[in-house]
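Residue-level structural notes
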Amino acid sequence: MRYYIITRQGYEHRYKQAREELGSIGIEPVKVMAFDGELLGVKPSSPHDLFADGSPHYMHPVQLATCLSHHLALRIALHDGDTPFVIFEDDVVVCDGAVDNLKAIEREMRGIDLVQLEYCCHEDKPKEQITAHLSRCQFPLCTAAILWTKKAAEFALSNMRPLKSPIDILMATTVYPFVSHAIATKMVFRQRNAPQIHTP
């Protein structure tokens, strides 16, 4: 399985930390340089939401660039041809037991197209355990570590549009409901500085 990590210029400290974290369990990810939304001056064509007065609320250029960077990473991974593959963001942290957990998930993901190995905003949402290490969950957010199959990646590239919402909301609305999606019952990775929530 091949691994990729999205990072951007000026975030070398985050990339270094993530490389050290992943290297501690034998993962050497391919570096994907993200787009710089502020430098490029990009702006979404559609608003993400409306303010209370009815005026449009557009994503920040950095958020739009994150969406574009995930598109780029998916294209690179599909071109490389090794599936399944994992795409990390550069704030990823390894959880205890990650190696065994990841191996078990690989064994159990027959019929599963995409697995969130890290997630958030799930505590009050319905969950259903489907294998020893995989569960279903409605509308989990965060995108620091996702395990993709070719089918899910191709679907995402064709359907993850318009780019008007932050990447985790975009995936939760345009990808997860339409593929066989699961979460790691016990998180394999987490985001740096994110609360360490127990996921039994």
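The paragraphs below set out a description of the structure included in this document. (Residues numbered from 1 in each chain as written. Predicted model: local features only at pLDDT ≥ 70, side-chain atom pairs only at ≥ 80, totals over all residues. Heavy atoms only, no water.)

The final tally for this structure, using the stated rule, is 4 aromatic pairs. Ring plane angle 35° and centroid distance 6.2 Å describe the contact between F155 and F178, whose orientation is recorded as tilted. Of this pair, F155 sits in helix α5 (residues 150–159) while F178 sits in the loop between α6 (167–174) and β11 (181–184), and the two are 23 residues apart along the sequence. A network of ring pairs unites the aromatic residues Y3, F88 and F189 as a single cluster. Sitting over the face of the ring of Y15, K31 holds its NZ or CZ atom 4.4 Å from the ring centroid. (Phe/Tyr/Trp six-rings, centres within 6.5 Å; stacked < 30°, edge-to-face > 60°. Helix = DSSP H or I, 4+ residues; strand = E, 2+ residues; numbered from the N terminus. Lys NZ or Arg CZ within 6 Å of the ring centre and 35° of its normal.)

Scanning the entire structure with this criterion turns up 1 disulfide. Each sulfur of the disulfide joining C120 and C142 lies 2.0 Å from the other. Handedness of the C120-C142 disulfide follows from its S-S torsion of about 90°: it is right-handed. With C120 in the loop between β7 (114–116) and β8 (127–129) and C142 in the loop between β9 (134–137) and β10 (145–148), this pair connects stretches of sequence that are 22 residues apart. Neither C120 nor C142 differs from the other in exposure class; each is buried. C67 takes part in no disulfide bond, and the closest cysteine sulfur, belonging to C142, lies 14 Å away. The class of C67 is buried, set by a relative accessible area of 0%. Sulfur of C121: no disulfide; nearest cysteine sulfur belongs to C120 and is 3.7 Å away. (Disulfide = S-S within 2.5 Å. Buried < 20%, exposed > 50% of the residue type's maximum accessible area, 1.4 Å probe, protein only.)

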